[in-house]
Amino acid sequence: MMEETNEETEKSVEVDSVSNQLQEAAIETETKQETVAVTPAKVSTTIPEPVPVVIPASPIAPPAFNITPVIPTAAPSSGPITPPVFPTSPAMPAVAPVYPTPTVVPTVVPVAPPSQGVPRENEASIDIDISSSNSVPASPSGTGIIGWFAGSRIINKMKTGMETMITTLDPGMKEYIRSGGDIDIVITSEQETKVSAVREAFQTVFGKATVRPQASHVTTAPQPVGYTSGVKSAEERITNLRRSGEIASQQPVISVENFMAELLPDKWFDIGCLLLKDPRHDIELQLFTQAIPIPTEIVSQIQDETPADYNLRWSGFSVTLGEVIQKRMPHVDRKQWHLAYSGVSRREMLLIAARSLAGIYQQRLPTSLEI
């Protein structure tokens, strides 16, 4: 019995020992697992070596110099403290770009004045080459006829500019500057209104024209009535000048005459007639200004003041339209009443008609005019 008890006791001791060993092994295994889980991973702290960078050498290498700092020494307490002096870097030499010098080849071209006519086609030009090499050939565009035309345009522009400046400062000089040329016209009146209008019109159309006033008289009524009477009065002024010998027989002449006309029943108008005669070129032109209405009371007064037995009543009235208007309106000039009644002066109406007359006359003249 005792032996059996001892055996059981030994067995239980062995079992307990094995159980303790298993528990210790389990605890040790858990500890190792925790250690592995908690331990951080090792990080590589090795820094890779830098890769060398190859910089190409500059075509202009900077000058080599050594910089040796000067370390100041302690100054005695009695004197001022000298600041440290560091050497400065020498300035880099400036490289200025070099450009090729252009070659200038001037061309001297003689320009003929307009009065000498068109030069010959083979007119020579003088080229002066002041370059030593790589000279550029001169352009032939400035020589010959082309160069002459360019010079003529410049001269004409300068002349026109001077004329404009002079006539602006003194309008009276326009008559003298634009006088001359191939056109020489005589006007059968000395009234400035007629003369200035005709002169300006012909100088505008022809560029230059001479318009000379020459007074003439008529044997018809002072106030013509109707187109036929107006044209006849203008013709008579030209005929009387030729008969008196005051103008040449072939001299172109312009005559201006105003007349009254009843264009509608009891509707009277004042109209101007411009007559041009050029016997040399067999040209005769008639032109009329715009019609200005005349108040009925003025027409009645003109008729009343003309005697019934007036010997020239067939051609018109003995009293002019301007004289009657001046009696009714003393502040109005008898020769400038058109502006007061119509808002347009007589000179403006004559100027427009005279420009048309000059334009038609220019078309009728031969291409090669010889006066």
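If you're wondering where the values come from, they're calculated on a predicted model, not measured in any experiment.

Procedures and definitions
- Residues numbered from 1 in each chain as written.
- Predicted model: local features only at pLDDT ≥ 70, side-chain atom pairs only at ≥ 80, totals over all residues.
- Heavy atoms only, no water.
- Helix = DSSP H or I, 4+ residues; strand = E, 2+ residues; numbered from the N terminus.
- Polar contact = N/O pair within 3.5 Å; in protein donor to acceptor, adjacent residues only side chain to side chain.
- Phe/Tyr/Trp six-rings, centres within 6.5 Å; stacked < 30°, edge-to-face > 60°.
- Buried < 20%, exposed > 50% of the residue type's maximum accessible area, 1.4 Å probe, protein only.
- Expected span 1.5 Å × (residues − 1).
- Salt bridge = Lys/Arg side-chain N within 4 Å of Asp/Glu carboxyl O.
- Axes fitted to C-alpha atoms, helices over the stretch in contact; angles between N-to-C directions.
- Parallel < 35°, antiparallel > 145°, perpendicular 65-115°, else oblique.
- Left-handed = near helix turned anticlockwise from the far one by under 90°.
- Contact = heavy atoms within 4.5 Å.
- Nonpolar A, V, L, I, M, F, W, Y, C, P; charged D, E, K, R; others polar.
- Core = buried A, V, L, I, M, F, W, Y, C linked by side-chain atoms within 4.5 Å.
- pLDDT = per-residue confidence, 0-100.
- Patch = residues over 30% accessible without salt bridge, like charges linked within 9 Å, V, L, I, M, F, W, Y side chains within 5 Å.
- Areas by Shrake-Rupley, 256 points an atom, 1.4 Å probe, with all protein chains shown as cover.
- Pairing = 2+ DSSP bridges.
- Right-handed = clockwise from strand over helix to strand, strands pointing away.

Colleague: Would you mind going over the environment of Gln-203 with me for this structure?
Modeller: In this structure, Gln-203 sits in helix 4 (residues 192-206). There is a polar contact of 3.1 Å between the side chain of Gln-203 and the backbone oxygen of Ala-209.

Colleague: When you look at the packing of aromatic side chains in this model, what are you seeing that I'm missing?
Modeller: Any pair of aromatic rings gets described here by the distance separating the centres and the angle formed by the planes. With the rule as written, the count across this model stands at 7 aromatic pairs. Ring geometry for Tyr-227 against Phe-288: centres 5.2 Å apart, planes inclined by 75°, an arrangement best described as edge-to-face. Remark: Phe-288 occurs in strand 8 (residues 283-288) and Tyr-227 occurs in helix 5 (residues 227-244); sequence separation between them is 61 residues. Arranged with centres 5.8 Å apart and planes meeting at 85°, the rings of Trp-337 and Tyr-341 form a pair that is edge-to-face. Within this pair, Trp-337 and its partner Tyr-341 are both found in helix 8 (residues 337-342), separated by 4 residues, close to a single helical turn. Judged by relative accessible area, Trp-337 falls into the buried class, the value being 4%.

Colleague: Where do I start with helix 4 in this structure?
Modeller: In an α-helix there are 3.6 residues to a turn, and that puts residues three or four apart on one side. End to end, helix 4 covers 21 Å across 15 residues, agreeing with the expected 21 Å (1.5 Å per residue, within 8%). Those residues of helix 4 that fall on the buried side of the exposure criterion are Thr-193, Lys-194, Val-195, Ser-196, Ala-197, Val-198, Arg-199, Ala-201, Phe-202 and Gln-203. Two residues or fewer past helix 4, Gly-207 is found with a positive phi of approximately 85°.

Colleague: What exactly am I supposed to notice about the pattern of salt bridges here?
Modeller: Pairs may arise between side chains of opposite charge once their charged atoms sit close together. Enumeration over the complete set of coordinates arrives at 4 salt bridges. Linking Arg-212 and Asp-184 is a salt bridge whose minimum nitrogen-to-oxygen distance equals 3.1 Å. Placement of Arg-212 in strand 4 (residues 210-213) and of Asp-184 in strand 3 (residues 184-187) is noted, with a sequence separation of 28 residues between them. A salt bridge links Arg-347 to Glu-200, with the nearest nitrogen and oxygen atoms 2.7 Å apart. Of this pair, Arg-347 sits in helix 9 (residues 346-364) while Glu-200 sits in helix 4, and the two are 147 residues apart along the sequence. A residue is classified by how much of its surface remains accessible, and Arg-347, at 28% relative accessible area, is partly exposed.

Colleague: Got a minute to help me understand the packing of helix 4 against helix 9 in this structure?
Modeller: Each pair of packed helices gets described by two things: the angle between the helix axes and the distance between those axes. Interhelical geometry of helix 4 versus helix 9 gives an angle of 40° and a closest axis separation of 8 Å. Viewed along their axes, helix 4 and helix 9 adopt a mutual orientation that is oblique. Judged by the sense of rotation from one axis to the other, the crossing of helix 4 with helix 9 is right-handed. Here helix 4 contributes Thr-193, Lys-194, Ser-196, Ala-197, Val-198, Glu-200, Ala-201, Phe-202, Thr-204, Val-205 and Phe-206 to the contact with helix 9, which in turn contributes Arg-346, Arg-347, Leu-350, Leu-351, Ala-354, Arg-355, Ala-358, Gly-359, Tyr-361 and Gln-362. Broken down by class, the residue content of the contact of helix 4 with helix 9 amounts to 11 nonpolar, 5 polar and 5 charged.

Colleague: When you look at the nonpolar core in this model, what are you seeing that I'm missing?
Modeller: In summary, soluble globular proteins display a tendency toward joint burial of nonpolar side chains. Residues Phe-202, Ile-254, Leu-276 and Tyr-361 are the most contacted members of the largest nonpolar core, which totals 25 residues. Contributions of two or more residues to this core are made by strand 3, helix 4, strand 6 (253-264), strand 7 (267-278), strand 8 and helix 9. Of all the elements, helix 9 adds the most residues to this core, at 7 residues. Leave out the neighbours within four places in its chain, and Ile-254 touches Ile-185, Val-186, Ile-187, Thr-188, Val-198, Phe-202, Leu-275, Leu-276 and Leu-357. Listed in part, the 15 residues of the second largest apolar core include Met-260, Val-299, Val-319 and Met-349.

Colleague: Explanation requested: the side chain of Arg-237 in the structure shown.
Modeller: Its place among the elements puts Arg-237 in helix 5. Of note is the side chain of Arg-237, whose polar atom sits 2.8 Å from the backbone oxygen of Ser-216. Ignoring anything within four residues of it in the chain, the contact list for Arg-237 reads Thr-188, Ser-216, His-217, Val-218, Ser-255 and Glu-257.

Colleague: Help me out: how do you make sense of the confidence of the model for the chain in this one?
Modeller: Atom-level detail of predicted coordinates should not be read off regions where pLDDT is low. Chain-level statistics for the chain give a pLDDT mean of 74 and a share of 54% at 70 or above. Below pLDDT 50 for its whole length, residues 36-43 participates in 0 contacts with residues either more than four positions away or in separate chains. Every residue in residues 114-142 scores below 50 in pLDDT, and together they form 37 contacts with partners more than four places removed in sequence or on other chains.

Colleague: I tried to follow a nonpolar patch on the surface on my own but got confused; where do I start?
Modeller: A cluster of nonpolar residues, Tyr-227, Leu-263, Leu-264 and Phe-288, forms a patch on the protein surface that exposes about 350 Å² of accessible area. Relative to the elements of secondary structure, Leu-263 occurs in strand 6. When its relative accessible area of 40% is taken as the criterion, Leu-263 is described as partly exposed.

Colleague: Hey, could you run me through the pairing of strand 3 in this one?
Modeller: Each regular strand shows side chains that alternate between the opposite faces of the sheet. Taken together, the 4 bridges between strand 3 and strand 4 define a ladder with parallel strand orientation. Paired with Asp-184 across the bridge in strand 4 is Thr-210. The parallel pair strand 3 and strand 4, bridged by helix 4, forms a crossover whose chirality is right-handed. Relative to strand 6, strand 3 runs parallel, the two being bridged by 2 bridges. Bridging from a neighbouring strand, Ile-187 pairs with Ile-254 of strand 6.

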